[in-house]
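Structural overview for review
For reference, the chains in residue letters:
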Amino acid sequence: MEIIQTENLTKRYKRYKKQEGLMGSMKGLFHREYEEKTAVDAFNMTVNKGEFVGLIGPNGAGKTTLVKMLTGIIAPTEGTIQVMGYYPNKLEKAFKQQYAVVMGQKSQLFFELTTEDTLKLFQQIYNIPEDQYKKNKNFFVDLFQVKDLMNVQVRNLSLGERMKMELIVALLHNPKILFLDEPTIGLDAVASRQIRTFLKDVNESKGTTILLTSHYMEDIKVLCKCSIVMNHGRKLYDGNTDLLFEQYQKSKKMTIYFENNADSGIPESCRILEKTKDKLVLEIPKEITEKVLEFYIGHYSIRDIGIEEEEIGSVVERIYREV
Ligand SMILES: Nc1ncnc2c1ncn2[C@@H]1O[C@H](COP(=O)(O)OP(=O)(O)O)[C@@H](O)[C@H]1O
Ligand SMILES: [Mg+2]
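Thresholds applied
- Residues numbered from 1 in each chain as written.
- Chains lettered and ligands numbered in written order.
- Predicted model: local features only at pLDDT ≥ 70, side-chain atom pairs only at ≥ 80, totals over all residues.
- Helix = DSSP H or I, 4+ residues; strand = E, 2+ residues; numbered from the N terminus.
- Buried ≥ 20, exposed ≤ 12 C-beta atoms within 10 Å, placed from the backbone.
- Contact = placed C-beta atoms within 7 Å.
- Near = placed C-beta within 6 Å.
- Nonpolar A, V, L, I, M, F, W, Y, C, P; charged D, E, K, R; others polar.
- Pairing = 2+ DSSP bridges.
- Axes fitted to C-alpha atoms, helices over the stretch in contact; angles between N-to-C directions.

A word on the overall build of the protein. Summing up its helical and strand segments, the protein has 11 helices and 13 strands in all. Its C-alpha atoms put the protein at 60 × 55 × 45 Å along the principal axes. Counting all 323 residues of the protein, 33% fall into the buried class. Once local pairs closer than 6 in sequence are excluded, the contacts in the protein between residues at least 24 apart make up 72%.

Around ligand 1 lies a shell formed by Tyr13, Arg15, Lys37, Ala39, Gly57, Asn59, Gly60, Ala61, Gly62, Lys63, Thr64 and Thr65. Of all the secondary structure elements, the ones that give two or more residues to the shell around ligand 1 are β1 (2–17), β2 (33–48) and α2 (63–70). Tallying contributions element by element places α2 first for the shell around ligand 1, with three residues. Of the residues that constitute the shell around ligand 1, the class distribution is three nonpolar, six polar and three charged.

Looking now at unusual backbone geometry. Its identity as a non-glycine residue notwithstanding, Asn127 has a phi of 55 degrees, on the positive side. For Asn127, the location among the structural elements is in the loop between α4 (115–125) and α5 (130–144).

In this section: the sheet that holds β1. The three strands are arranged β2-β1-β4 in an open sheet whose pairing can be described as antiparallel. In this open sheet, the two strands that pair with only one neighbour each are β2 and β4 (78–83). Here the strands of the sheet are splayed against their neighbours by 25 degrees on average, with no regard to which way each runs. Two strands pair when backbone bridges link them, and β1 and β4 are joined in this way by five bridges, in the antiparallel orientation. Bridge pairing in β4 places Gln5 opposite Gln82. Across the face of the sheet, α2 comes into contact with β1, β2 and β4 while running at roughly 65 degrees to β2.

Attention shifts here to the sheet that holds strand β12 (residues 279–285). Strand order in the open sheet formed by four strands is β11-β12-β10-β13, with antiparallel pairing between adjacent strands. The two strands at the open ends of the sheet, each matched to only one other strand, are β11 (271–275) and β13 (302–309). For this sheet, the mean angle separating the axes of adjacent strands, direction not counted, is 20 degrees. By the bridge criterion, seven bridges tie strand β10 (residues 251–258) to β12 in an arrangement that is antiparallel. Residue pairing across strands places Ser251 opposite Pro285, the latter belonging to β12. Set on the sheet, helix α10 (residues 289–299) makes contact with β10, β12 and β13; between it and β13 the angle comes to about 170 degrees.

Right, let's talk about the environment of Ile185 for a bit. You can see Ile185 is positioned in the loop between β6 (177–181) and α7 (189–206). Sequence separation between Ile185 and Leu22 is 163 residues; the distance between their C-alpha atoms is 37 Å. Residues in contact with Ile185, not counting those within four places in the same chain, are Gly104 and Gln105.

Pasting the structure below:
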């Protein structure tokens, strides 16, 4: 069953174009010129109930703008949107009770309160009955293992801990849809992994439909069966995530920290992305990742090695080259 549907959805921002230099600024006081920026361009998408869909694209692709339209924060310039049968920008109460949105770069929490009091406050805001509140709070606090943090002031939480709290707050009222805009931005690998595990669990155990935007390939690879790739406001790919990786992701990024100032050799067909005296970052064709790993571990004394998914930018480029 379709729970989100957009057709020809478009958002154009008008922004003030500043003229060069001081004279330009002065002129701008009297006569302003505007330029239009199409942030989302004739976008069609469908999400079915219970799905965990990834929306991925480089910075500036239009992801946040799309989420803002889907959650009613801004109105579209053109096109239609339907979320659970509602037009989001009407901001009807019945609609607002049924979804939640978490933005990685914008906190909903109250920094002076403890996390316990913050949760209670949200219980009031959403009018959550006491038994549902207790049940959900215990469920999520357990799942996230954040019992020790309940009496800590929000301002003293680490970024990762704060994101866990943002998610708990968002989920207290049993939303049917959860919109997540870059929830792992700025988090270290461990915290990101915890957040991912948590989200997967929520989607599976509560059946919550989740739309996750990210510019990290890793996020959608682990979580989303289906994904949508966008750039410059347009849709480039919409389909199975495994297929996306198979077709368009050809390399991995490996970061090696050497014990000593090792001037190491580079295996064939690898490309240097960055090199300092004890650190080497390589782009490696994905099918030889293991060989390269063995090579470094076998020949050098290594302090740490990390392997990451290729960046979204390279994947987008490859999609463009093909279409
Ligand atoms: N309020 C705004 N006014 C003017 N331009 C904006 C505004 N918000 C975003 N943009 C522009 O719209 C484009 C898409 O931005 P955004 O939706 O934030 O992308 P993403 O979330 O994928 O990084 C960018 O070029 C950005 O500069
Ligand atoms: Mg964004």
